[in-house]
Amino acid sequence: MCGIVAYIGKQAAYPIILKGLKRLEYRGYDSSGIALFGENVRTFKKKGRVAELESWNESIISEATVGIGHTRWATHGEPSDVNAHPHTSNSGRITLVHNGIIENYGSLKQELVQKGYTFKSETDTEVLVNFIEDIQINNNSTLEEAMRIALKRVVGAYVIIVLEEGFPDRLIAARKGSPLVIGVGDGEHFLASDASPIIEYTKKVIYVNDYELAIISPDEIILKNLGNEPITPYIQQLDMELAQIEKGGFDHFMLKEIFDQPGSLTDCLRGRLDMENLTLTLAGVEEHMSVFSQAKRIIIVACGTSWHAGLVAEYMIETLCRIPVEVEYASEFRYRNPVVGEGDVLIAISQSGETADTLVAIEKAKEAGAFIFGVVNAVGSSIARLSHSGAYTHAGPEIGVASTKAFTAQLTVLAMMAIKIGREKKTVTEAEYNRYLAELALIPEKVKAVLETHESIKEVAKHYADARDFLFLGRGYNFPVALEGALKLKEISYIHAEGYPAAEMKHGPIALVDENLPVLFIATKDAYYEKIVSNIQEIKARKGMVIAVISEGDTQIRDMADHVMVVPAVDELLAPLISVIPTQILSYYIGVMRGLDVDKPRNLAKSVTVE
Ligand code: F6R
């Protein structure tokens, strides 16, 4: 949530920052701004998309070699020019960009107002910049010292990057709870919320940790903790290519990422599934196998789409491993008083690895003695680093705000974990193990086969693009797919959509059914097939419109439904990996037909780094 970029070096900073902000726009896109250091600091900020910043036409944009930029997802104060970052202190001496939330900004603001400070914006960030300035003036200290003192008093999450008048060769950054990467160049440095604005210039990066301060000049990076002790920077090599973060000929990132899935799932299985030797290697699980096989229970925490992956994992793990599983919204887990401790395994699922609620849920369970396993996509992210062990999903960068390929990669990792642990516990027989491995190996091809039907799914979309409401129903492994299908449709098309277990329909939602309500059944051939058939009949009897995701060769539901989307047959354990694909494609086309920006749905941001 909110993206920040900064540059210091020998090139013109403005084009680098502008391009970087466009890459980070998925993190927030209601307003943006850039501050550049020429003879002094000049700021340009605008409500709306990052492209608005292209109208800045002062000479400083080609001259300045130092600058900071921000793309905003509003928390305090509506999207407007004045609430956009960067924010500058009352004296004009300090200018900064901020990602995160300063929770005690209200009391800090009161203090500052009493001292005569005035505020133009409604943001917590303008309070922070003036708070730092006030400390600097009162203590007659350097900016660095003032930041250290200020940040010890601040409650909340932040990454800030600060410019100070009179110091054109220096940026100071600090982090707690929000991500910050520094790209190390030759006589130049790049700072950003993630590596995508940096990858084009250098692959050498430093991930800044919580409570660290970075003092950055063109030739040097000094890292310190808030106690002013030096820290040796750990430079890593990025394993990412520029092509992975570009659209590659597709109209939208979302469509590209849907079509990436045969490849991303192959990447997820690569080096893990070996069909020649019939082995499954998951180092993060194997190294701690006794923790898993002796676990009293597994708790899964996640948010949104990742939470839906967790629900599928509950079915997988309980069936194959006979370990009790609880799936919790991270936001609920962190604030209740959960019974958690030694002997519990907590699996945190996250695409970004930066979701604030999931991070805090992990910290809480870790303090209580639970073993933390991260299923994360973003390499080097906070959740990956906070976990005792984990498995990357290797889906590659996901830029579209709606999660698609990250979800199927999460399911793949979770299925591999369940199969592996089940085999160890002997709750999975050798024959079952071999069958599951064979099924897993076929998944990328089966996903590809569904993608090849995208034109017929587009035809289905034409019939429902004007719907006002939608119901998604499924049973068993396909129940979480119904939830996921509904989430995807509502976020991309703004159509009100709800997902339910099909049998729950009779306990309330059936009251909504009439000739105007499309009901989408995830109805692939599995143990619940006959029950789903009955549920479809109940909808048809009330004149509801039925769309169904069905297995190849199924004529019974094909004859009953108004429209079908056909997928290859697959073992029910892995069915969600296949049955979710038509719902992704359908949502995409409905969103596009409604004229919406599917990559950047209103009010949303990709990486939810505030609670
Ligand atoms: C929906 C979506 C969100 C995320 C959620 C968790 O399409 O993308 O619901 O799944 O914000 O994000 P991560 O997985 O990054 O923790």
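Since this is a predicted model, take the numbers as computed values, not measurements.

1. So, the overall build of the chain
Now for step 1: Within the chain, the secondary structure is distributed over 20 helices and 27 strands.
Now for step 2: The globule rule puts the C-alpha radius of gyration for 611 residues at 25 Å, and the 25 Å found for the chain is close to it.
Now for step 3: By its C-alpha atoms, the chain is 80 × 55 × 45 Å across when sized along the principal axes.
Now for step 4: Within the span of the chain, comprising 611 residues, buried residues form 61% of the whole.
Now for step 5: Long-range contacts, defined as pairs at least 24 residues apart, comprise 71% of the intrachain contacts of the chain with a sequence gap of at least 6.
Now for step 6: For the chain, the exposed surface amounts to about 22,900 Å²; the carbon and sulfur share of it is 48%.
Now for step 7: If the 61 positive side-chain charges of the chain are averaged to one point and the 81 negative ones to another, these points end up 2 Å apart.

2. Description of the packing of aromatic side chains
Now for step 1: Summed over all chains, the structure comprises 12 aromatic pairs.
Now for step 2: Plain terms: the ring middles of Phe 292 and Phe 371 are 6.0 Å apart, the flat faces sit at 80° to each other, and that makes the pair edge-to-face. One end of the pair, Phe 292, is in helix 9 (residues 289–293); the other, Phe 371, is in strand 21 (residues 371–376), with 79 residues separating them in the sequence. Each member of the pair, Phe 292 as well as Phe 371, is classed as buried.

3. Regarding the nonpolar core
Now for step 1: Of all hydrophobic cores here, the largest spans 94 residues; its most connected members are Ile 347, Met 417 and Phe 470.
Now for step 2: Take this core: its biggest share by element is 11 residues, from helix 14 (residues 405–425).
Now for step 3: With residues up to four places along the chain from it excluded, the contact list for Ile 347 reads Ile 298, Ile 299, Ile 300, Val 301, Ile 317, Phe 373, Val 375, Leu 414 and Met 417.
Now for step 4: Judged by nonpolar contacts, the second largest core, of 34 residues, contains Ile 16, Phe 44, Ile 60 and Ala 64.

4. Some thoughts on the pattern of salt bridges
Now for step 1: All chains considered together, the criterion is met by 31 salt bridges.
Now for step 2: Between Lys 115 and Asp 134 there is a salt bridge, and its shortest N-O distance comes to 2.5 Å. Taken as a pair, Lys 115 in the loop between helix 3 (105–114) and helix 4 (124–139) and Asp 134 in helix 4 lie far apart in primary sequence, 19 residues in all.
Now for step 3: Taking the relative accessible area as the measure of exposure, Lys 115 reaches 48% and is therefore partly exposed.
Now for step 4: Judged by relative accessible area, which is 7%, Asp 134 ranks as buried.
Now for step 5: A salt bridge links Asp 260 to Lys 256, with the shortest nitrogen-to-oxygen separation between them at 3.5 Å.
Now for step 6: Residue class for Asp 260 comes out partly exposed when judged on its relative accessible area of 22%.
Now for step 7: Taken together, the shared-partner salt bridges connect Lys 19, Arg 23, Glu 200 and Glu 246 into one network.

5. Comments concerning the sheet that holds strand 11 (residues 204–207)
Now for step 1: Ordered by their spatial adjacency, eight strands build an open sheet running 3-2-4-1-10-9-11-15, and the pairing between neighbours is antiparallel. The sheet is open, and its two edges are formed by strand 3 (41–47) and strand 15 (236–237), each paired on a single side.
Now for step 2: Judged from the six bridges that link them, strand 2 (residues 31–37) and strand 4 (residues 66–72) form a sheet pairing that is antiparallel. By the bridge assignment for strand 4, Ser 32 is matched with Thr 71.

6. Things to note about the side chain of Glu 25
Now for step 1: In this fold, Glu 25 is placed in the loop between helix 1 (13–23) and strand 2.
Now for step 2: Not counting chain neighbours up to four residues away, the residues in contact with Glu 25 comprise Arg 49, Val 50, Thr 71 and Lys 600.

7. So, the site of the ligand
Now for step 1: Near the ligand, the surroundings consist of 15 residues, among which Ser 306, Ser 350, Ser 352, Thr 355 and Glu 491 are the closest.
Now for step 2: Val 401 has a polar backbone atom sitting 3.4 Å from an oxygen atom of the ligand.
Now for step 3: Within the backbone of Ser 403, an N or O atom sits 2.9 Å from an oxygen atom of the ligand.
Now for step 4: Taken by itself the ligand offers 400 Å² of open surface, and the protein chains cover 90% of this.
Now for step 5: Contributions of two or more residues to the shell around the ligand are made by helix 10 (304–321) and helix 17 (479–493).
Now for step 6: Tallied by class, residues from the shell around the ligand come to five nonpolar, eight polar and two charged.

The rules behind the values
- Residues numbered from 1 in each chain as written.
- Predicted model: local features only at pLDDT ≥ 70, side-chain atom pairs only at ≥ 80, totals over all residues.
- Heavy atoms only, no water.
- Helix = DSSP H or I, 4+ residues; strand = E, 2+ residues; numbered from the N terminus.
- Rg over C-alpha atoms; globule rule 2.2 N^0.38 Å.
- Buried < 20%, exposed > 50% of the residue type's maximum accessible area, 1.4 Å probe, protein only.
- Contact = heavy atoms within 4.5 Å.
- Areas by Shrake-Rupley, 256 points an atom, 1.4 Å probe, with all protein chains shown as cover.
- Lys, Arg positive; Asp, Glu negative; His and termini not counted.
- Charge placed at Lys NZ, Arg CZ, Asp CG, Glu CD.
- Phe/Tyr/Trp six-rings, centres within 6.5 Å; stacked < 30°, edge-to-face > 60°.
- Core = buried A, V, L, I, M, F, W, Y, C linked by side-chain atoms within 4.5 Å.
- Salt bridge = Lys/Arg side-chain N within 4 Å of Asp/Glu carboxyl O.
- Pairing = 2+ DSSP bridges.
- Near = heavy atom within 4 Å.
- Polar contact = N/O pair within 3.5 Å; in protein donor to acceptor, adjacent residues only side chain to side chain.
- Nonpolar A, V, L, I, M, F, W, Y, C, P; charged D, E, K, R; others polar.

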